[in-house]
Amino acid sequence: MVNNWSRNLFVFFTLLFLGCATQGKLTGGEKDEDPPKLKTEKSTPNFQTNYTPNEIVFVFDEFIKITNPLKETGISPPLKHLPQFESKGKKFVVKFSEDEVLKENATYTLNFGKAIKDFREGNTLEDFSFVFATGDFLDSLEIHGKVRDAKTGEGVEDVVVMLYDILGDSAVIKEKPFYFDRTNKSGEYKIQNIKTDTFAIYALMDENLSYTWDLPSEAIGFLDSSFVLNDSSNSHLDLVISNPFLEPKLISTESYKDGVIKIAFDTPLEKKPNMLFSKPLDYISSFEKDSLFVWYDTTATGYFSMYSEGDTISIKPKKRKSKSIQKINSKTSKNNTSISPNDSLRLYFDRPILTIDTSKIIVMDTSNTPLIYQYEMIQDSLGISIRTKKKYDVKYSIQLLDSALVSFNRIYNDSIGLNFNYLDPEELGTIYFIKDSISTDSNFAFELMDGKKSLGVYTLTDLEEKLTIDFLSPKKYTLHIIDDRNANGIWDTGNFESRQQPEQIIVKELEKLRANWELEVILSKSVFNILDEHDTKGN
């Protein structure tokens, strides 16, 4: 009896204690946001002289992981043999190859970029570096600067900036640099611990991590001459980088049913490649980005060959099966389309248009009265431009009835409908370019940009006194001013083989254009340094 009473009393107090306890979740404390810290007393000493290591040991205050060490780690001067990277627990070891022979009297820098992280949270120890000298002293000079895209003026990330003490033009092709660094997200670089010497400098988008310009597609930048680096020289050097011009090379060909050939190239096309055929062919071609499309009549030809850019392509026409129905499809948005007052309605299709039945195209306004219109073919017959009488407070519609359009091989359209309207000029703005104290003999070209879309390229010969670009949407626009050295009206990239720099281009963001306003841009004699602009109220 006593034992049962004692046991019941114990259970009662236990339940009472549990009932009074505060309920909650177990937590691990505050989140660790600190990167690993080096324990110098247990690691290989930094900044040693007369030092030729076989391995370098780093010990940290917490468990670590090493990510992408070959990409993230920069060793300058470069090694001939790849080192080994080993990590376990809190230790990270860099082992040099037994065949590696370090340069005499050279200062080596190992920069680990973003390779070292703590194991749990992934906090990065950024730009951790280790420096040693094989000679009596550490070199202490540095250069820094920014690498920009030659066309956009924006900083370029992940570019290798390379210093050579070999001054011949072939050094960047045949040799690895003596010093180098990679640009950060802003395009900035800094090379430290450099010796006093004469150098050539290059910026390279090193696609295959070879530290040489060995791929023709790699963007490259360079200075026109070598420079001397010493205690009194300028340590700030900016570079521009550009992709070399390459003739497009054919990489693949696909032949589809109903007479369509798609030819893919290794670079975006700027114009149609030259084409020849082994027999007469009724065809239309057009290019988009890096692809050339050829539409042709399959009913009048058998096997044939096509010759383009040095390649021969054998084509076996693929005709559609009797049950297969192909249609002309619209590539124009079916949503309401707003059109500039000086423009026309433009309809685009996925196949070229050979013939149009105008009786099956109906343009109407809100009164549902058919309107008179004019049309013309555009963009290699892949589009139609429609013009009609314009009213700015009226909604319009266009209907392309079934079989209004005909393409190769008797392919027609299904019914296509679209609503559109014309923008009111009072809701738009105008930009004037005004020539002031600058000769029309100057080879300046200027390009008005809406984001990445070009609104037109103009030269000074296009200006008598004023150039007007009207009916522009209210927004910010950008002006690209090009030192058009060869007067071809476009921006030209650089050419390292002929030591030709890319044409200089200055990007100027204009003041925001407002509705029913006029923005004046003055092109003065000092056009590359000063662009005066002011706006005036619209009527």
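Here goes a summary of the coordinates provided. (Residues numbered from 1 in each chain as written. Predicted model: local features only at pLDDT ≥ 70, side-chain atom pairs only at ≥ 80, totals over all residues. Heavy atoms only, no water.)

Some points on the overall build of the protein chain
When helices and strands are counted, the protein chain shows three helices and 42 strands. Expressed as a percentage of the 539 residues in the protein chain, the buried residues total 41%. Of the contacts made within the protein chain by residues no fewer than 6 positions apart, 64% connect residues no fewer than 24 positions apart. (Helix = DSSP H or I, 4+ residues; strand = E, 2+ residues; numbered from the N terminus. Buried < 20%, exposed > 50% of the residue type's maximum accessible area, 1.4 Å probe, protein only. Contact = heavy atoms within 4.5 Å.)

Re the sheet that holds strand 31 (residues 396-400)
The mixed open sheet is built from four strands, whose spatial order is 25-34-31-28. On the outer flanks of this sheet lie strand 25 (337-339) and strand 28 (361-364), each paired with one strand and no other. Ignoring strand direction, the axes of neighbouring strands in this sheet form an average angle of 25°. Where strand 25 lies against strand 34 (residues 416-422), three bridges are found, and the strand directions are parallel. When the sheet's bridge partners are listed, Ser338 is paired in strand 34 with Asn421. (Pairing = 2+ DSSP bridges. Axes fitted to C-alpha atoms, helices over the stretch in contact; angles between N-to-C directions.)

Here's the deal with the side chain of Ser43
Looking at the secondary structure, you find Ser43 in the loop between helix 1 (2-20) and strand 1 (55-59). We classify Ser43 as buried; its relative accessible area is 9%. Within polar-contact distance, the side chain of Ser43 engages the backbone oxygen of Lys39 at 2.9 Å. Leave out the neighbours within four places in its chain, and Ser43 touches Leu38, Val57, Phe58 and Val59. (Polar contact = N/O pair within 3.5 Å; in protein donor to acceptor, adjacent residues only side chain to side chain.)

A short note on the packing of aromatic side chains
Evaluated as defined, the whole model comprises 28 aromatic pairs. Their ring planes at 80° and their centres at 5.5 Å tell us that Tyr396 and Tyr422 sit as a pair that is edge-to-face. Taken together, the residues span a long stretch of sequence, with Tyr396 in strand 31 and Tyr422 in strand 34 at a distance of 26 residues. Here Tyr396 falls in the buried class, since its relative accessible area comes to 4%. By way of ring pairs, the aromatic residues Tyr51, Phe58, Phe60, Phe85, Phe92, Tyr108, Phe112, Phe128, Phe130 and Phe132 are connected into one cluster. Of note, Lys90 hangs over the ring of Phe63, and the distance from its end group to the ring centre comes to 5.9 Å. One residue, Lys195, lies across the ring of Phe178, its end atom 4.3 Å from the ring centre. (Phe/Tyr/Trp six-rings, centres within 6.5 Å; stacked < 30°, edge-to-face > 60°. Lys NZ or Arg CZ within 6 Å of the ring centre and 35° of its normal.)

What about the sheet that holds strand 33 (residues 411-413)?
The strand order across the open sheet formed by four strands is 24-33-32-27, and the pairing between neighbours is mixed. Pairing within the sheet leaves two strands with one partner each, and these edge strands are strand 24 (327-328) and strand 27 (355-356). Summarising the sheet, strand 27 and strand 32 (residues 405-407) pair through two bridges and their orientation is antiparallel. What sits directly across from Thr355, in strand 32, is Val406.

Notes on unusual backbone geometry
Along the chain, Ser76 connects to Pro77 via a cis peptide bond; the corresponding omega equals 0°. Here Pro77 lies in the loop between strand 3 (74-76) and strand 4 (84-88).

Overview of the pattern of salt bridges
Under the counting rule described, the total for this entry stands at twelve salt bridges. For the salt bridge of Asp165 with Lys195, the shortest nitrogen-to-oxygen distance reads 3.3 Å. Here Asp165, found in the loop between strand 10 (160-164) and helix 3 (171-174), pairs with Lys195, found in the loop between strand 12 (188-194) and strand 13 (197-204); they are 30 residues apart in sequence, far enough to count as distant. Between Asp343 and Arg346 there is a salt bridge, with the nearest N and O atoms lying 3.2 Å from each other. Under the relative-accessibility criterion, Asp343 is labelled partly exposed at 24%. The class of Arg346 is partly exposed, set by a relative accessible area of 36%. (Salt bridge = Lys/Arg side-chain N within 4 Å of Asp/Glu carboxyl O.)

Things to note about the environment of Asp258
Note on placement: Asp258 falls in the loop between strand 17 (250-256) and strand 18 (260-265). Considered as a pair, Asp258 and Tyr296 are 38 residues apart in the sequence and their alpha carbons are 8.2 Å apart.

Digging into the environment of Lys476
Position of Lys476 relative to the elements: it lies in the loop between strand 38 (466-472) and strand 39 (478-483). Overall, the relative accessible area of 46% leaves Lys476 in the partly exposed class. Once the C-alpha coordinates of Lys476 and Leu513 are considered, the two residues, 37 residues apart in sequence, prove to be 6.0 Å apart. Other than its neighbours up to four places away in sequence, Lys476 contacts Glu509, Leu510 and Lys512. Looking at Lys476, its side chain comes within polar contact range of the side chain of Glu509, at 3.0 Å.

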